[in-house]
Amino acid sequence: MRLIAYCLLLVGVAIMGWGLQTAFGELITLYNDLTNDVMNATSLDDESAVPDRMLRAALFGAVGFVPFVVGLILLLKAKLARRRTP
């Protein structure tokens, strides 16, 4: 049971990390584009593209919260069960 819990924790952290990295990557790319060439802000031509990609990445990262919490609960149950047995 502990192995499954650790696997779920790892999968959840990986998914959340990917979503966070992708969402912040979009924000950093937008910031770099705007600071490098302020007058020719091509990043803002399609106003809805960057926020949509950021939201999609953040929602995908939020999906990773479910296996993370399930793995955490399983791990805590396994630790409590091991503590109770003599």
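Residues numbered from 1 in each chain as written. Predicted model: local features only at pLDDT ≥ 70, side-chain atom pairs only at ≥ 80, totals over all residues. Heavy atoms only, no water.

## With respect to a positive patch on the surface
Then, in step 1: A surface patch of like charges, here positive, comprises R2, K79, R82 and R83.
Then, in step 2: Sort the elements by how many residues they give to the positive patch and helix α3 (residues 65-84) lands first, with 3 residues.
Then, in step 3: Along the chain, R82 falls in helix α3. (Patch = residues over 30% accessible without salt bridge, like charges linked within 9 Å, V, L, I, M, F, W, Y side chains within 5 Å. Areas by Shrake-Rupley, 256 points an atom, 1.4 Å probe, with all protein chains shown as cover. Salt bridge = Lys/Arg side-chain N within 4 Å of Asp/Glu carboxyl O. Lys, Arg positive; Asp, Glu negative; His and termini not counted. Charge placed at Lys NZ, Arg CZ, Asp CG, Glu CD. Helix = DSSP H or I, 4+ residues; strand = E, 2+ residues; numbered from the N terminus.)

## Regarding the confidence of the model for the protein
Then, in step 1: Of all residues in the protein, 88% attain a pLDDT of 70 or more, and the chain-wide mean is 86.
Then, in step 2: Mean pLDDT in the protein bottoms out at helix α2 (residues 49-63), which sits at 89, and peaks at α3, which reaches 92. (pLDDT = per-residue confidence, 0-100.)

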